[in-house]
Amino acid sequence: MSRTRSVAASVPGASRRTVLAAAGAVSLSAGVGYALRPADGRAATTGAEAPVAHSRQAAAAAPLAPYTKGTTLASVAAPRAGSNYRRLGDGPGWKRVVREDLAAAASGRAGRRTALAAFVQFTDLHLMDVQHPLRLEYLRAHDVHAWRPHEALTVPGAISLVERVNALRGAPVTGTPLHFVMTTGDNTDNNAHSELEWFMKVMSGGRITPDSGDPRHYEGVQNSGLKLYWQPGSTVRDDDKALGFPYLKGFLAAATREVRSPGLKLPWYSTVGNHDSLPLGCYGSHGDPYLAEAAIGGKKLMSVPAADARKLQEAIKKAKDPKGTGYRDFLKAHARSMRSVTPDEKRAPYTQADYLKAHLDPAHQGLGPVGHGYSSANLDAGTQYYAFRISDDVIGISLDTTDAGGHYEGSLGTAQLEWLDRTLKANKDSYAVVFSHHTSKTMTNTRPDPARPGEKRHDGAAVVALLASHANVLAWVNGHIHRNVITPHQGSGGRSFWEISTASHVDFPQLARIIELVDNKDGTVSLFTTLVESAAPHRTDYADLSQTGLAALYRELSYNAPGANKALAGSAADRNTELVLKKGR
């Protein structure tokens, strides 16, 4: 494949975006932001045109250059001395590792390489309405990490991540402009309308009050008086304070007050995750009237015996109750233990159509593109996958790996798998980056989609095999596992690609990832991955409950969350890397 144009050459020339269907024979015009749309296998073009979603441009007087400041190459939050609860401070950065699993790195490539594209990945933000009546906090009676003390701060934490990206001076290795941000799912946590609105405003800008129910005060587990949960504003000696968690007067009032997101100063695209598609991320229960009513109702379960918590968690993990019927019976059996809370219709579960309409809402357009990858064709076809042009030489493909039949692991239906194959074939002269929520190893849930009961579902191995059969695939970028893992995939005939799985922004170390694609002009391509933290300072000040102070506290509390996995950062080879691979033949 001939690759002659760079990102720098392609960005200024784009001025209009043609909306096309991503099906059958697909043609992509050159430029940034051109979109392809899936319509159940039918090419559905539209005569309407919309402005191109431009990448941010460098000021002429201040040309972009490689840098490390503001990335994990320079510094990473690290625990200071102490035991039990540990305060965070500035730690050493993570060095870049060159990986030659798929191709050798030739000397002199830094002086030859040409930038192809650069973008940022957000994943697993898990914006939470923590007062939602259906939340499973009480599973902590069996599994201490089933509820985390920092969960009330997901919104200011995510806003701080947006602020970090807005402050970046282009791509850290090549210095070229960043094209866009892609979220790879679990943007929300409980599949609640309240959370969906918060997510759209975090990304596109606006004022957010991360509160529901009674606007006058918080109603949830953190002022319940139950020792099972951290009671930040109470002198109760709860289980977390026994580990060193602080007393913070005014914490809950601060966590539920209005905050402001500047919105991303880049175009952004969206990929759906299981927590976006399914109530609580695991139940295919949209048709259950009892659970729908309970979500907006005035009763909330906060504690159950440990044995009951164990049984419910086991049923979720082993996919014994994908439709949520057992969960409904569980709630009914514990009805007398529920506490009264203020009902709120904003907590209602949202449907696939609701999710698409929120992205298409002009109020949430931000810097675009319109629909953030989705289009009216998705709405008409009942699909959540699409393709788009990143640059002259690169296309992006966003998949929907969720299964409406229930359970938190994923798969692809035959129609989507065949569409993926056609899209890659039709764009064989462009490199391709594939995005999804689930990883190849977590696509094990092949139960039928209720909307397409006769359609076969395909696992991660089938997706790997398909991607490896196409010479133009460079990377599969995903999340879901909350851990940094980079996996080489070798196909036949010299074909290969990298699978890049990125840690979440809800569990420590709370990261996002910059990915740069370059042509080394020696028969190889390199993918540079650079992790970034939010803009919040590493050190916290318990007296600072401002929006920034809460974002810093969000990180520190997540580090100290009881039962937290301390290995989610992955190895050095999964963090800041140069991933080399041969150009496909």
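What comes next is a walk through the structure.

Rules used in this analysis
- Position numbers for residues start from 1 in each chain and track the written sequence from start to end.
- Under the rules for a predicted model, residues below a pLDDT of 70 receive no local features and side-chain atom pairs below 80 are neither given nor counted, while totals for whole chains, interfaces and linings still include all residues.
- Excluding hydrogens and water, the side-chain values take into account all heavy atoms of the structure.
- Two rings from Phe, Tyr or Trp (for Trp, the six-membered ring) form a pair when their centres sit within 6.5 Å of each other. Planes less than 30 degrees apart are called stacked, planes more than 60 degrees apart edge-to-face, and all others tilted.
- Think of it this way: any DSSP run of H or I at least four residues long counts as a helix, any run of E at least two long counts as a strand, and we number them from the N terminus.
- Between buried and exposed lies partly exposed: a residue is buried under 20% and exposed over 50% of the maximum accessible area for its type, with that area taken using a 1.4 Å probe on protein chains only.
- Strand pairing follows a simple DSSP-based rule, namely that at least 2 bridges must link the two strands.
- The angle between two axes is taken between their N-to-C directions and runs from 0 to 180 degrees, where each axis is a line fitted to C-alpha atoms and a helix contributes only its stretch in contact.
- Residue contacts are counted whenever heavy atoms from the two residues lie within 4.5 Å of one another.
- Comment on the angle field: the value is read as roughly parallel under 35 degrees, roughly antiparallel over 145, roughly perpendicular from 65 to 115, and oblique elsewhere.
- We call a crossing left-handed when the near helix sits turned anticlockwise from the far one by less than a right angle, and right-handed when that turn is clockwise.
- Amino acid classes used here: Ala, Val, Leu, Ile, Met, Phe, Trp, Tyr, Cys and Pro are nonpolar; Asp, Glu, Lys and Arg are charged; the rest, including Gly, are polar.
- Positive charges come from Lys and Arg alone, negative charges from Asp and Glu alone, with His and the N- and C-terminal ends not counted.
- Salt bridges are identified by distance alone: a Lys or Arg side-chain nitrogen within 4 Å of an Asp or Glu carboxyl oxygen.

### Things to note about the packing of aromatic side chains
At step 1: One pass over the structure, following the stated rule, counts 21 aromatic pairs.
At step 2: Centre to centre, the rings of phenylalanine 180 and phenylalanine 435 are 6.3 Å apart; their planes meet at 80°, and the pair counts as edge-to-face. Placement of phenylalanine 180 in the loop between α3 (154-167) and β8 (181-184) and of phenylalanine 435 in strand β17 (residues 431-435) is noted, with a sequence separation of 255 residues between them.
At step 3: The exposure class of phenylalanine 180 is buried, given its relative accessible area of 2%.

### Some points on the sheet that holds strand β7 (residues 114-122)
At step 1: The strand order across the open sheet built from seven strands is β6-β24-β23-β22-β7-β8-β11, with neighbouring strands paired in mixed fashion. Two strands close off the open sheet at either side, each with one partner strand: β6 (97-99) and β11 (268-271). Strand-to-strand, the axes of this sheet are offset by a mean angle of 20°, without reference to chain direction.
At step 2: Where β8 lies against β11, four bridges are found, and the strand directions are parallel. Paired with methionine 182 across the strands is tyrosine 269, a residue of β11.
At step 3: Strand contacts of helix α4 (residues 193-204): β7, β8 and β11, with the helix running at about 150° to β11, the strand carrying the most contacts.

### A word on the packing of α4 against helix α10 (residues 352-360)
At step 1: At a minimum axis separation of 10 Å, α4 and α10 run at an interaxial angle of 25°. By the angle class used here, α4 and α10 are roughly parallel. Crossing hand, α4 versus α10: right-handed. Along the contact surface, α4 presents His193, Leu196, Phe199 and Met200, while α10 presents Asp354, Tyr355, Ala358 and His359.
At step 2: Of the residues in the contact of α4 with α10, the class split is five nonpolar, two polar and one charged.

### Brief notes about the side chain of arginine 555
At step 1: Turning to its location among the elements, arginine 555 is positioned in helix α14 (residues 547-560).
At step 2: Despite its burial, arginine 555 pairs with no opposite charge, the nearest such side chain being glutamate 533 at 4.1 Å.
At step 3: Sequence-distant contacts of arginine 555, defined by excluding residues within four places in its chain, comprise Ala77, Leu88, Phe508, Gln510, Glu533, Ser534, Ala536, Pro537 and His538.

Functional significance is not addressed by these values, which are geometric in nature.
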